[in-house]
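# Structure assessment
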2 protein chains.
Amino acid sequence: MRTGRWYLGLSLLACATAAQAEDGYRLWMRYAPATASQTADPVTVRGEQTPMLAAAAAELRRANPAGLGPVMLAHANDPAVTALRLPVATLGDEGYLVRSVTIDGRPVTLVTGTDRGILYGTFALLRHLATGAAPTRIDLTSRPRVGLRMLNHWDNLDGVVERGYAGRSLWDWWTLPDYRDPRYTDYARANASLGINGTVLNNVNAKVESLTPRYIAKAAALADIFRPYGIKVYLSARFSAPVELGGLKTANPKDPAVAAWWAAKSDEIYRAIPDFGGFLVKANSEGQPGPRDYGASHADGANMLAAAVRPHGGIVLWRAFVYADTDPNDRAKQAYDEFKPLDGQFAKNVIVQVKNGALDFQPREPFHPLFGAMPRTPIAPEFQITKEYLGFATHLAYLAPLFSETLTADTHTRGHARVSQVIDGSLDRHRLSAIAGVANIGDSRDWTGSSFNQANWYAYGRLAWDPSLTPQAIAREWAMQTFGTDPKLLDTVVAMMMASREAVVDYTGPLGLAHLMATGHHYGPGPWVADLKRPEWNPVYYHRADAAGIGFDRTKTGSKAVAQYAPGLAKLYADPKTTPENELLWFHHLPWTYRMASGATLWDTLVQHYDRGVATVDTLRTQWQQTKPLVDPERWQKTDEFLAVQAREARWWRDASLSYWMSLNNLPLPAGSPPPAHDLAWYKAQTFPYPPGNPQ
Amino acid sequence: MRTGRWYLGLSLLACATAAQAEDGYRLWMRYAPATASQTADPVTVRGEQTPMLAAAAAELRRANPAGLGPVMLAHANDPAVTALRLPVATLGDEGYLVRSVTIDGRPVTLVTGTDRGILYGTFALLRHLATGAAPTRIDLTSRPRVGLRMLNHWDNLDGVVERGYAGRSLWDWWTLPDYRDPRYTDYARANASLGINGTVLNNVNAKVESLTPRYIAKAAALADIFRPYGIKVYLSARFSAPVELGGLKTANPKDPAVAAWWAAKSDEIYRAIPDFGGFLVKANSEGQPGPRDYGASHADGANMLAAAVRPHGGIVLWRAFVYADTDPNDRAKQAYDEFKPLDGQFAKNVIVQVKNGALDFQPREPFHPLFGAMPRTPIAPEFQITKEYLGFATHLAYLAPLFSETLTADTHTRGHARVSQVIDGSLDRHRLSAIAGVANIGDSRDWTGSSFNQANWYAYGRLAWDPSLTPQAIAREWAMQTFGTDPKLLDTVVAMMMASREAVVDYTGPLGLAHLMATGHHYGPGPWVADLKRPEWNPVYYHRADAAGIGFDRTKTGSKAVAQYAPGLAKLYADPKTTPENELLWFHHLPWTYRMASGATLWDTLVQHYDRGVATVDTLRTQWQQTKPLVDPERWQKTDEFLAVQAREARWWRDASLSYWMSLNNLPLPAGSPPPAHDLAWYKAQTFPYPPGNPQ
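Per chain, residue numbering runs from 1 following the sequence as it is written. The naming scheme follows written order: chains are lettered A onward, ligands numbered 1 onward. With pLDDT at 70 or above as the cut-off, local features in this predicted model cover only qualifying residues; side-chain atom pairs require 80 or more to be listed or tallied, and sums for whole chains, interfaces and linings still use all residues. Only hydrogens and water are removed before side-chain values are computed, so all heavy atoms of the structure are retained for them.

Within an unreviewed UniProt entry, the label attached to chain A reads Xylan alpha-1,2-glucuronidase, and the organism entered is Sphingomonas prati. UniProt positions are given in the numbering used here, feature names are shortened, and annotations may be inferred rather than shown by experiment. The UniProt entry for chain A carries the following comment under Catalytic activity (unreviewed entry): "Hydrolysis of (1->2)-alpha-D-(4-O-methyl)glucuronosyl links in the main chain of hardwood xylans."

Structure representation (structure tokens):
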């Protein structure tokens, strides 16, 4: 019965694509099936018709690319494939080979690998054709660099998505498991098209009810729908569940009753979801319970949970995003200080999940010092696809440059290992490897709140598969599939995307500044905020600006955070002259009159960045105007209206920030830089109640 | 796994026939435009091309009904129309006449009236054709009975819809006024198709920010979009706004500074929204501020606001849904006691808005005793379209019988005036008349959370236009437009709809029982609940069941609520033998052994109702199975899955309720009635966290 229901879901979706409004629902899978009526089924599946192969075949039939002849889906060990002596030995569990071959004297496009490899190969074939390749002489082969390519949904059980700017949660917990929205299948298709193979359904700020039988059944329904698309379900676990659900007196990981409770709970979950992925845990961070409440370490907590899921092949992803409200230490140092000493203490099925930077998903941060610092522990980077600090759904900010900046960063460890070599396990020969992205997906019709936000989901997935892809290449292939193949359109869209993230950095916090937003939301400027209870909640904590200068001294004269990096890099960061200019004020407190490499003062350079950010957004608007004849009206109009918002708000950020800096340094703006539109009091008086993504 | 191939074959077939996804988005406006390419525009607009006439013409062009020849839209005073000497004198401001005529020797379908009349006539014409009428010899004329036909959105500024079961608010306050979602226009089209001409954008539990300049601009953007569709925007007003926004020390309506603040605020709103409709106010009810906080009356409060909007032609809708936490009086009596003495004291532009029953939108309530009791005051009924107490989005409950039951109820005042004659102003010759429905609309793709919930929006709008329409007729015309014209399909769907609301009454609270739900949601059963702070929050307050009997004595031996009705009716309600059986326990506390008219005991009859409710839902499921070949798969499947939920939950309601009643009366179930599936403790232990529509 299970397969029957699933297939029916497919058939509904297959019909949905025909004559549809361009409202963004179809994402980058805007197939234009060949119009000629088919007399024969163009897809042959050899061997057992597994649900995964059926999903691949259904996708091919739906897309039905013009000019593509017969396609054969066959396992790499199928006699028809082995006879061809293809280089399939290195494909592994997930790799694919797609090649134009001749079988029984007939030309055919062969897609081969494991079940999962064939699924991914099918999507790779469709992408190949949709990005302009000829349907003949195809030869594609690839395998993913990272084992677990995950989305993290910060979705609450009441439907609110923390830091979500695309409507409510996709998961309608209230009607699950009874109602299986066809959209769940489309979610799985989109992820499978990128190779994403795991999804954490609920927020890391976890509610304990997600572990009750009622919610396990709901998660199981989703797992059933996702399974044919190669996606495993994970849950965020609330560490205090043994107390709150189990009635125990403690959640101390060293208490055998606690371990037994988790083991029994895991058994229960695996009965409902045999391929359950495991737990993601945010512990002892921002008010969440954890092992430190009992004097135990993060390793103690992680290992106790790991033991519970190990018999079933599950894993634990343990987040390193911790900072204590009682620790006067530089917040950016605390994760390293807490976790580095634990290297080697984690169980084999634990992965430590580390945000890309040491603070919190700012538009730019130096890579996290834990990358490369824990060689005995698999480390997964956590990126934020949703734009918590980059303008929510409204602002255009293509994030592949941000993701790639971290992935390609030189750790200066063991030679010049890149962060990507740390996280894919190759550097330290870990069996497990993972990468996580905090999803930007909601139930908005266009999934992500804007057309361009779809590119961030796409780019994350593509980089998770292959961190060496360039942001530019990803932008181009995304744009071709999303908007069409017109060369002028593509050039314009790709140029816009490539400029966009740096523009956000420029108008919100250039030169390494960070965490400058107003209170109550992470949207508008508030560099003046100094009245929040905990020091590290205040922007003034991060910029430390006064009449004389600006920036956070993290060298040996300051918080000494530079010492957390490998010696070669620490040495560079120790000196402003060898610190990359775009990270300058992250590491150094400098006089406003400091001379930059260009010869200009720090102040004048800072202003130039703000001005450049504003100007870039104006350019984005102009560029988008040029695309009007080439883009369907609904998506064009929404983007155009959003760009108008961004242009206004880029000025707001610049003007508010400059007003504040000038109130401290009393310096004039450089020639040609316009004065802020309002005085500082006006900017301080702005309020923005009810921001999205902000659960109460 | 062999099933796989079969299903895939099915999906290919299904695709061949479906041109557009049937996901419910198109509501009852599923136009199937004529396929022949048009060479000439079939629509002529005479006179000024106003936005409203343009909207009407655009709708006709979009629908382009097969077989319909040229259509002319022309004002009733256009020479081409006056020459025809048509009966247009009685159309009023909103009525229409649509007729097949000959002008200049050419046959044409004329749509005439005012701008607004032409808009409504256009939709009437399209409905006429979509429900099977021939496109020739058309002769339609109608005018609305009620002046203000309103939706009330209980939408919070953070996007949560109180008692909303169809996703988030349609209004994306965060991106308004910049981004104008095309869906706002589709909302307006759907309402205009029914003649709804006013919408209150925000929750009656109002946040004060809705009156700030920032939110007024957002409301104005929506008003601009809705205006061509004849829909005025209203706002719920928080009575304490002069204190919270204006910085005044009081919101006392007798304070001139308070009145001046509201006058200035109204002026500000009208500058942004020249045709702003006015304010809806929930005052001194469930924690909301109001004039009673200052010893002033509801009339004082309403009149002060009315004076503020009167210069602009605005009105105030003042809700009578009040009950005090300090009043030991029967909650069902309090609105009457508070408002009846104020009759004659309200300003001319005030309408008192009264819920259909005296309690709170229960599956069945006797009509509110205020209908007919305040002849000097325009009274608007407030219906709840969203199914707060009738199974949220999941259960099928067609509400036209509920709405119509109130509208057609005999008040026994001034002869046998019906409630509809009270509310349309005809009985007491009021200039103003209004009707309000609490919307069931959200941003779910199908707008209302299920296909059948769309019928409740539709039926409310149709009854608001003409309260004399029968639920059966409305069901049939809705079903034809929503699912198609197959006679067997229509018969089945209409039969299902007509049985559905009574089924909900039967399995949740038959024979006049009410307010029996569990705590924390208004979904499942909790007749045993007795532990809530205020007496009238507890189900036991309403059913008063014990070993001997059940029901709320509202006669002279009890709360005396029957005396609030007109004498002729009060007399009937005073005696269980003359009280309608479906309202019996609303008015009477009776022994379990009381003999009903049938001769059966009250207990046995009660059980029969529960059993009938469960059986009816089983029948709904069977009936729906028969429609499978006749309904598109996506909508069919969702309804089928929802009916499975309803069948399970109808049993849950029945079993939990009977378990509890039996724990009190120790009576056996009548022969053939199955025992509850679980014991009472099991039902009491069920929890349902995170219900939708329940803002924290």
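## Some thoughts on empty space enclosed by the protein
All names here are of chain A. Here a cavity is any set of points on a 1 Å grid over the protein atoms alone where a 1.4 Å probe fits but cannot get out, and a pocket is any open set with protein on both sides within 12 Å along at least 5 of 7 lines; a residue lines the site when it has an atom within 4 Å of a point. Grid points are joined across faces, edges and corners, and a volume is the space filled by probe spheres set on the points. Estimated volume of the largest cavity: approximately 120 Å³. If you go around the largest cavity, you meet 13 residues; those closest to its centre are Q362, P363, T508, H515 and L516. Think of it as three bins: nonpolar holds Ala, Val, Leu, Ile, Met, Phe, Trp, Tyr, Cys and Pro, charged holds Asp, Glu, Lys and Arg, and polar takes everything else, Gly as well. Class assignment of the residues belonging to the lining of the largest cavity gives a composition of 7 nonpolar, 5 polar and 1 charged. Boundary definitions for the domains trace back to an automatic or database domain assignment. Per-domain counts for the lining of the largest cavity show at least three residues from each of domain 2 (148-483) and domain 3 (506-552 + 589-685).

## Quick notes on the domain arrangement of chain A
Interface extent is often summarised as the accessible area lost during association of the parts. Residues and elements named next belong to chain A. Parsing chain A into structural domains produces domain 1 (31-142), domain 2 (148-483) and domain 3 (506-552 + 589-685). Listed as interface residues are 25 residues of domain 2 and, on the opposing side, 24 residues of domain 3. Defined in terms of a 1.4 Å probe, buried area is the accessible area two parts forfeit on being brought together, summed over both. Between domain 2 and domain 3, roughly 2200 Å² of surface is buried when both sides are summed, and carbon and sulfur atoms account for 58% of that area. If you sort the residues of domain 2 by the area they bury against domain 3, T394, H395 and F483 come out on top, with a joint share of 26%. Between Lys or Arg on one side and Asp or Glu on the other, a salt bridge is scored when a side-chain nitrogen of the former is within 4 Å of a carboxyl oxygen of the latter. Linking domain 2 to domain 3 there are 1 salt bridge. The partner of K638 in a salt bridge is D446, with the nearest N and O atoms 3.1 Å apart. Think of a polar contact as two N or O atoms within 3.5 Å of one another; within protein, one of them needs to be a possible hydrogen donor and the other a possible acceptor, and neighboring residues in sequence only count if both atoms come from side chains. Counting across the interface, domain 2 meets domain 3 through 11 residue pairs in polar contact (both at pLDDT 80 or more). Two residues qualify as a contact provided that any one of their heavy atoms is within 4.5 Å of a heavy atom in the partner residue.

## Section: the packing of helix α5 (residues 182-194) of chain B against helix α13 (residues 451-465) of chain B
All names here are of chain B. The angle between two axes is taken between their N-to-C directions and runs from 0 to 180 degrees, where each axis is a line fitted to C-alpha atoms and a helix contributes only its stretch in contact. Numbering goes from the N terminus for both helices and strands, where a helix is a DSSP run of H or I of at least four residues and a strand is a run of E of at least two. Two elements in contact, α5 and α13, have axes separated by 8 Å at closest approach and are oriented at 45 degrees. The orientation of α5 relative to α13 falls into the category oblique. Contact residues: Y187, A190, N191 and L194 in α5; W457, Y458, G461, R462 and W465 in α13. Across the contact of α5 with α13, the residue classes tally to 6 nonpolar, 2 polar and 1 charged. Roughly parallel refers to an angle under 35 degrees, roughly antiparallel to one over 145, roughly perpendicular to one between 65 and 115, and oblique to any angle outside these ranges.

## Describing the UniProt feature "domain: Alpha glucuronidase N-terminal" (unreviewed entry) in chain A
Under the UniProt annotation, the feature "domain: Alpha glucuronidase N-terminal" (unreviewed entry) is placed at residues 77-125 of chain A. In this annotation, residues 77-125 of chain A is assigned 31% helix and 33% strand; the end-to-end C-alpha distance for the span is 20 Å.

## A word on the pairing of strand β10 (residues 315-319) of chain B
Residue and element names in this part refer to chain B. Per-residue accessibility, obtained with a 1.4 Å probe over protein chains only, is compared with the maximum for each type, and a residue is labelled buried under 20%, exposed over 50%, and partly exposed between these values. The buried fraction of β10 is high, at 5 of 5 residues. Along β10, one buried face is formed by I315, L317 and R319 and the opposite face, lined by V316 and W318, is buried too. Sheet topology note: the strand β9 (residues 278-281)/β10 ladder contains 4 bridges and is parallel. Within β10, the position partnered with L280 by the bridge is L317. What makes two strands pair is DSSP finding at least two bridges between them.

## Observations concerning the environment of R163 of chain B
All names here are of chain B. Relative to the helices and strands, R163 resides in the loop between β6 (148-152) and α5. R163 sits in the buried class, given a relative accessible area of 12%. Along the sequence, R163 and K355 sit 192 residues apart, while their C-alpha atoms lie 15 Å from each other. Within the local environment of R163, its side chain forms a polar contact with the side chain of N694, the two groups lying 3.0 Å apart.

## Considering the sheet that holds strand β8 (residues 232-236) of chain B
Residue and element names in this part refer to chain B. On the basis of which strands lie adjacent, the closed barrel formed by 8 strands has the order β6-β7-β8-β9-β10-β11-β12-β13 and parallel pairing. Across the sheet, the mean angle from the axis of one strand to that of its neighbour is 25 degrees, orientation sign disregarded. The pairing of β10 with strand β11 (residues 350-355) spans 4 bridges and is classified as parallel. Looking at the pairing, V316 lines up with V350 of β11. Running over the sheet, α13 touches β6, β12 (379-384) and β13 (434-438) and is turned about 155 degrees from β6.

## Examining the sheet that holds strand β1 (residues 43-45) of chain B
Strands belonging to one sheet form pairs held by backbone hydrogen bonds; the direction of such a pair is parallel or antiparallel. Residues and elements named next belong to chain B. Read across the sheet, 5 strands follow the order β1-β2-β4-β3-β5 without closing on themselves; strand pairing throughout is mixed. Of all strands in the sheet, those bounded by a partner on one side alone are β1 and β5 (139-142). Averaged over all pairs of adjacent strands, the angle between their axes in this sheet comes to 25 degrees, without regard to strand direction. In this structure, strand β3 (residues 96-103) lies alongside β5, joined through 4 bridges in antiparallel fashion. In the strand pairing of β5, Y96 is matched with S142. Set on the sheet, helix α2 (residues 51-63) makes contact with β1 and β2 (71-75); between it and β2 the angle comes to about 165 degrees.

## As for the packing of aromatic side chains
Ring pairs are drawn from Phe, Tyr and Trp, using the six-membered ring of Trp, whenever the two centres fall within 6.5 Å, and their geometry is named by plane angle: stacked under 30 degrees, edge-to-face over 60, tilted for the rest. Enumeration over the complete set of coordinates arrives at 92 aromatic pairs over all chains. Their ring planes at 80 degrees and their centres at 5.2 Å tell us that Y120 of chain A and W465 of chain A sit as a pair that is edge-to-face. Here Y120 of chain A is found in helix α4 (residues 115-130), whereas its partner W465 of chain A is found in helix α13 (residues 451-465), with 345 residues between them in sequence. Here Y120 of chain A and W465 of chain A have matching classes, each one buried. With centroids separated by 5.0 Å and ring planes inclined at 75 degrees, the aromatic side chains of Y523 of chain A and W174 of chain B adopt a geometry described as edge-to-face. Highlighted residues: Y523 of chain A in the loop between α15 (487-508) and α16 (539-543) and W174 of chain B in the loop between β6 and α5, drawn from two different chains.

## Overview of the nonpolar core
Grouped together as the largest cluster of nonpolar side chains are 216 residues, with contacts concentrated most on F226, W262, W457 and W661 of chain B. Looking at this core, the element that brings in the most residues is helix α20 (residues 633-665) of chain B, giving 13 residues. Nonpolar cores were defined as sets of buried Ala, Val, Leu, Ile, Met, Phe, Trp, Tyr and Cys residues, with membership established by side-chain atoms within 4.5 Å. Among the nonpolar cores identified, the runner-up in size contains 215 residues, and W28, V208, A464 and A475 of chain A belong to it.

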